[in-house]
Protein chains: 4
Amino acid sequence: MDPIIVKYVDRPELRDPVLIEGLPGVGNVGKIAAEYLKDHLDTKLIVEIFSMYFPPQVLMNGDGTIHLVRNQLWYYENPKGDNDLIFLVGDYQGMSPEGQYELSYKVLEIAKEFGVKTIFTLGGYGTGQLSDKPRVFGAATNLKMVETMKKYGVYFSETEPSGGIVGAAGLLLGLGMELFGMDGVCLMGETSGYFSDPRSSYFVVEIVKRYFKLDLDMEELKFRSDEIGEITSQLREEDQGDTEKKEDLGYIG
Amino acid sequence: MDPIIVKYVDRPELRDPVLIEGLPGVGNVGKIAAEYLKDHLDTKLIVEIFSMYFPPQVLMNGDGTIHLVRNQLWYYENPKGDNDLIFLVGDYQGMSPEGQYELSYKVLEIAKEFGVKTIFTLGGYGTGQLSDKPRVFGAATNLKMVETMKKYGVYFSETEPSGGIVGAAGLLLGLGMELFGMDGVCLMGETSGYFSDPRSSYFVVEIVKRYFKLDLDMEELKFRSDEIGEITSQLREEDQGDTEKKEDLGYIG
Amino acid sequence: MDPIIVKYVDRPELRDPVLIEGLPGVGNVGKIAAEYLKDHLDTKLIVEIFSMYFPPQVLMNGDGTIHLVRNQLWYYENPKGDNDLIFLVGDYQGMSPEGQYELSYKVLEIAKEFGVKTIFTLGGYGTGQLSDKPRVFGAATNLKMVETMKKYGVYFSETEPSGGIVGAAGLLLGLGMELFGMDGVCLMGETSGYFSDPRSSYFVVEIVKRYFKLDLDMEELKFRSDEIGEITSQLREEDQGDTEKKEDLGYIG
Amino acid sequence: MDPIIVKYVDRPELRDPVLIEGLPGVGNVGKIAAEYLKDHLDTKLIVEIFSMYFPPQVLMNGDGTIHLVRNQLWYYENPKGDNDLIFLVGDYQGMSPEGQYELSYKVLEIAKEFGVKTIFTLGGYGTGQLSDKPRVFGAATNLKMVETMKKYGVYFSETEPSGGIVGAAGLLLGLGMELFGMDGVCLMGETSGYFSDPRSSYFVVEIVKRYFKLDLDMEELKFRSDEIGEITSQLREEDQGDTEKKEDLGYIG
């Protein structure tokens, strides 16, 4: 068996396309963001990717039928912006370091075929804390991209994320710049990391929307974001309550 | 060394054969079911499969001799039904994700040689609970198969098993449908998952028997099933007793 | 880099040679036994085996110099018996299942070159208990070998070792019989498994010595065995003392 | 994707060059030492090495940009000594045993191209104790090298390090001597192993400096070493204090 099997569904001509990745990861911020974009824009499937680097698993579709775990590329012809978009979404990332490299390399080969020169990877930055208004952290392949993204409100830190970026969100950029001459940026929504966080995804999508001039209805994601916002506020209050109580009891411990 | 070594023992002509898999897994439900079918029908060995994806191990035969761990395919010429059967049984599943994929792919290649178009995979669905009458859950490659199996009493849930199906029972169907144009269903006997469960296997085998119009003596499996049934009833009673006691003592905890 | 690198030092003509394996394992019984045989017979080096399936490690020689971890084959021209001997010894077994299979397969290929038709693998059988007189358990590739080895005092059990034989000691026999048409036996010295056990090795070597009519001085191994014997007796007494004490206090717990 | 990708930046003619390795490891002693040498000598980049044996990760450069994890070779034309130097530095070692072997083998192939016949590997020897004046332990490929390095104050023990040398520092020497006909020595700075230890690196670099007659400014490393020295002294005093207290309280426990 080929370690990675690519099934082409379509071979569209795309206009200066940008690859946008959002696979499962910290708080599923990237996955939620990319799937929201894919689902709420008029996208079409290009490619299905099966691989022995994914878990040996099928998932339930909800009607008694199953599908083999996979990644997919979907494209969107973007009428208002300068770039068509290709979305990388899927059930899993590669399970081993070798699998991660092989899968990212294969995606970059496919992206190159379609003329991709720029990559946006979407992910979460787990801080372990509940944030009132999550920032979007950035990490880019060059300084020009850093400056550009700052204008869109992306926050670049000298030290964070201190462990770098692990997985597809980092590797697509790293391999892309070193071996494929591509540039790009990783957008990381601040998140606690304790649960799936569409609120963090909301702020990430919002930047993507503005950057690519997308005609995108944000309503559903706003709704899910607000839900998380309420839960977060509540948890923060409780937490503060706890902290106060703890302080009251400080003389004991 | 080839990662997978296949030794052909026989090359029978089979009539529209269906592959039926039952390898070790949750509660060994699939393994017990498939081996019962293999042992109580007039089956013959087709193929032996050795592989570096299995553990590096030999097992004792009980008479001082050993055998290298393996999988096997056995066939059964089914006089009453429309399909001959090929059983996949063995000591182990692949140990790594890559091994799982490679082994399932190889089995599908062999199955294709013999004309297999349909796959039944047998397994257990671990609920963590002792069930009075275990249901048989299903997951199929298409809706038609879902409807067909419902008629045989197979239970299809919108949400369960929520983690999908891991291992050969899922992968044979997933790879079979995506890469080999095969259809199929996974039959999962409800089981606690805490011990080998021939009772759950009994209900799985009973469906296979009816579906394929098998001339199969169920007596021995019924006996083993009843044994488990008694143990289960006893444990459930004790458990209920415990729960009652716990409730009595509820004011303490 | 080739995953396994074989350096031939010598290519002797051997008389119906038998492969005798003793690599690190439970209680190091096999390793101690095979190295004792290698060191106390007039053996010569045939082959050095390096591999990425071993740990990435060098070991100290005691004089400030190092050697890369390896396996070796040594041969012995046996004047009194019918078979010359080839000993497989080394620092490690393969670290992964795949590595175990690849290394055993490679050793069997080399063994075949030299005309090996029979394999003795030496190992320990960990019982978790301190035995007064450790038995030597056997597991063979055929019933004739079982009967032969019984005459030499090897103990064959219907059920033990219940988990089969894991690692090179099992795999050389399993792959040897299935893929190379070789026969053989595994001799497993009973051992606690808690420490290196030359006492258990002694009883294994003693059988090998008689079987192959070896002119072998057992004195040094006898000495090391007696040391362990004394420690074992002492520990058993203490343990019995403990048990008695525990029994005295039985009414408390 | 090739498992290891080598990008040549330069192909200098070097004068009897010696490979000096310092990758992350115990106390980061080797990494700090080799990077200090690379940074404080007039070195130039020869080669960049990317690999799927490294973690799937990019690291932050501190200005919002990233780099893919890598190893590098840098060369130094050494005016006073007999040997030019090639430094192996990087973010990570290989993650798996196979990766370790493949990466070391590849580095040795490149080193051979440039005419390397001798290897110095730098590392830490973790003792679990805070040393007042850390020794530099040695392990060499031959006795002549042992004798030579003793003259430079390297300490060779009969028994230490008892577990040998794991990782690139050991493997480059082991593979180098067995497969590439190279000689060499591993210099291991004594370190607690609990933190990054430039003090231990200082003593390692000092030997390298003398051996290769390097025109190297040690000031910055001396400063960092002294800092650690002060912390160590303080911790040792506290520890002694603790020990005394514990002794005072000995009658309690």
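Residues numbered from 1 in each chain as written. Chains lettered and ligands numbered in written order. Predicted model: local features only at pLDDT ≥ 70, side-chain atom pairs only at ≥ 80, totals over all residues. Heavy atoms only, no water.

A.B. asks: Can you break down the overall build of chain A residue by residue, with the values?
C.D. replies: Summing up its helical and strand segments, chain A has six helices and 11 strands in all. Across its three principal directions, the C-alpha atoms of chain A cover 65 × 45 × 35 Å. Placing the 25 positive and 41 negative side-chain charges of chain A at their respective mean positions leaves the two points 5 Å apart. (Helix = DSSP H or I, 4+ residues; strand = E, 2+ residues; numbered from the N terminus. Lys, Arg positive; Asp, Glu negative; His and termini not counted. Charge placed at Lys NZ, Arg CZ, Asp CG, Glu CD.)

A.B. asks: Can you tell me about the relation of the copies chain D and chain C, naming the residues and giving the values?
C.D. replies: In screw terms, the move from chain D to chain C is a rotation of 90° and a rise of 0.0 Å along the axis, fitting with an RMSD of 0.0 Å. Put plainly, the chains are arranged around a four-fold axis. Residues of chain D ranked by C-alpha distance from the rotation axis are headed by S96 of chain D, positioned 7.5 Å from it. (Least-squares fit on C-alpha atoms with pLDDT ≥ 70 in both.)

A.B. asks: Please give an account of the arrangement of the chains that cites residues and values.
C.D. replies: Kept free of each other, chain A and chain C leave a smallest C-alpha distance of 15 Å between them. The closest approach of any C-alpha atom in chain B to one in chain D is 15 Å; the two make no contact. (Contact = heavy atoms within 4.5 Å.)

A.B. asks: Which residues make up the packing of helix α2 (residues 97–113) of chain D against helix α4 (residues 168–179) of chain D, and what are the values?
C.D. replies: Residues and elements named next belong to chain D. At their nearest, the axes of α2 and α4 sit 9 Å apart, and the two run at 60° to each other. The angle between α2 and α4 falls in the class oblique. As for how α2 packs across α4, the hand of that crossing is right-handed. Only A168, L171, L172, L175, G176 and L179 of α4 make contact with α2, whose side of the interface consists of Q100, Y101, S104, Y105, V107 and L108. Class assignment for the residues of the contact of α2 with α4 results in nine nonpolar, three polar and no charged. (Axes fitted to C-alpha atoms, helices over the stretch in contact; angles between N-to-C directions. Parallel < 35°, antiparallel > 145°, perpendicular 65-115°, else oblique. Left-handed = near helix turned anticlockwise from the far one by under 90°. Nonpolar A, V, L, I, M, F, W, Y, C, P; charged D, E, K, R; others polar.)

A.B. asks: Explain the interface of chain D and chain C to me, and be specific about the residues and the numbers.
C.D. replies: With 31 residues of chain D at the contact, the number on the chain C side is 23 residues. Counting the surface lost from both chain D and chain C, the interface buries some 2200 Å², and carbon and sulfur atoms represent 66% of this. Three residues, E98, Y101 and E178 of chain D, lead the burial of chain D against chain C; their summed loss comes to 28% of the area buried on that side. Linking chain D with chain C are two salt bridges, by the criterion used here. The salt bridge involving E178 of chain D is made with K7 of chain C; its shortest N-O contact spans 3.1 Å. Inspection of the chain D/chain C interface yields 10 residue pairs in polar contact (both at pLDDT 80 or more). Listing elements by their share of the side of chain D that touches chain C, those giving two or more residues are α2, β9 (136–140), α3 (143–151), β10 (165–166) and α4 of chain D. Here the element with the most residues in the side of chain D that touches chain C is α4 of chain D; it accounts for eight residues. Grouping the amino acids of the side of chain D that touches chain C by side-chain chemistry returns 16 nonpolar, 10 polar and five charged. Judged from the two bridges that link them, strand β4 (residues 57–60) of chain C and β10 of chain D form a sheet pairing that is antiparallel. Among the inter-strand pairings, Q57 of chain C is bridged to a residue of β10 of chain D, identified as V166 of chain D. (Buried area = accessible area lost by both parts, 1.4 Å probe. Salt bridge = Lys/Arg side-chain N within 4 Å of Asp/Glu carboxyl O. Polar contact = N/O pair within 3.5 Å; in protein donor to acceptor, adjacent residues only side chain to side chain. Pairing = 2+ DSSP bridges.)

A.B. asks: So what's going on with the interface of chain A and chain D? Which residues, and what values?
C.D. replies: Taken together, the contact pairs 31 residues of chain A with 23 residues of chain D. Where chain A abuts chain D, roughly 2200 Å² becomes buried across the two surfaces, and 66% of that area is made up of carbon and sulfur atoms. Where chain A meets chain D, there are two salt bridges. The salt bridge partner of E178 of chain A is R70 of chain D, with a shortest N-O separation of 2.8 Å. Across the contact surface, chain A and chain D share 10 residue pairs in polar contact (both at pLDDT 80 or more). Of all the elements in the fold, those that place two or more residues in the side of chain A that touches chain D are α2 (97–113), β9 (136–140), α3 (143–151), β10 (165–166) and α4 (168–179) of chain A. No other element matches α4 of chain A, which puts eight residues into the side of chain A that touches chain D.

A.B. asks: Pulling in residues and values, what's your account of the sheet that holds strand β6 (residues 71–76) of chain B?
C.D. replies: Sheet strands associate in pairs through backbone hydrogen bonding, adopting either a parallel or an antiparallel arrangement. Residue and element names in this part refer to chain B. With mixed pairing, the eight strands of this open sheet are ordered in space as β1-β3-β6-β7-β2-β8-β11-β9. Of all strands in the sheet, those with a lone pairing partner are β1 (4–8) and β9 (136–140), marking the two edges. Averaged over all pairs of adjacent strands, the angle between strand axes in this sheet comes to 20°, irrespective of strand direction. Looking at chain direction, strand β2 (residues 18–21) and strand β8 (residues 118–126) are connected through four bridges and run parallel. Residue pairing across strands places E21 opposite T121, the latter belonging to β8. Contacts between helix α1 (residues 29–40) and the sheet are confined to β2, β6, β7 (85–90), β8 and β11 (183–191), with β7 contributing the most and set at about 130° to the helix. Across the sheet, helix α5 (residues 198–211) lies against β2, β8, β9 and β11, angled at about 150° from β11, the strand it touches most.

A.B. asks: Give a detailed account of unusual backbone geometry, specifying residues and quantitative values.
C.D. replies: Residues and elements named next belong to chain B. Residue P161 follows E160 across a cis peptide bond; omega there is -10°. With respect to the helices, strands and loops of the structure, P161 is situated in the loop between α3 (143–151) and β10 (165–166). Notably, K213 is not glycine yet its phi reads approximately 50°, a positive angle. As for its position among the elements, K213 is in the loop between α5 and α6 (219–248).

A.B. asks: So what about the packing of aromatic side chains? Which residues, and what values?
C.D. replies: Considering all chains together, one arrives at 32 aromatic pairs over all chains under this definition. Relative to Y155 of chain D, the ring of F137 of chain D has its centre 5.1 Å away and its plane inclined at 80°; by these criteria the two rings are edge-to-face. On the criterion of sequence distance, the pair formed by F137 of chain D in strand β9 and Y155 of chain D in the loop between α3 and β10 is long-range, its members being 18 residues apart. Overall, the relative accessible area of 0% leaves F137 of chain D in the buried class. The structure contains a cluster of three or more aromatic residues connected by ring pairs, namely F120, Y152, Y211 and F212 of chain A. Just above the ring of Y202 of chain B sits the side chain of K222 of chain B; from NZ or CZ to the centre is 5.8 Å. (Phe/Tyr/Trp six-rings, centres within 6.5 Å; stacked < 30°, edge-to-face > 60°. Buried < 20%, exposed > 50% of the residue type's maximum accessible area, 1.4 Å probe, protein only. Lys NZ or Arg CZ within 6 Å of the ring centre and 35° of its normal.)

A.B. asks: Pulling in residues and values, what's your account of the pattern of salt bridges?
C.D. replies: Residues and elements named next belong to chain C. Applying the stated criterion across every chain yields a total of 60 salt bridges over all chains. Where K106 meets E109, a salt bridge forms, and the shortest distance between an N and an O atom there is 3.7 Å. Of this pair, K106 and E109 both sit in helix α2 (residues 97–113), separated by three residues, roughly a single helical turn. The class of K106 is partly exposed, set by a relative accessible area of 26%.

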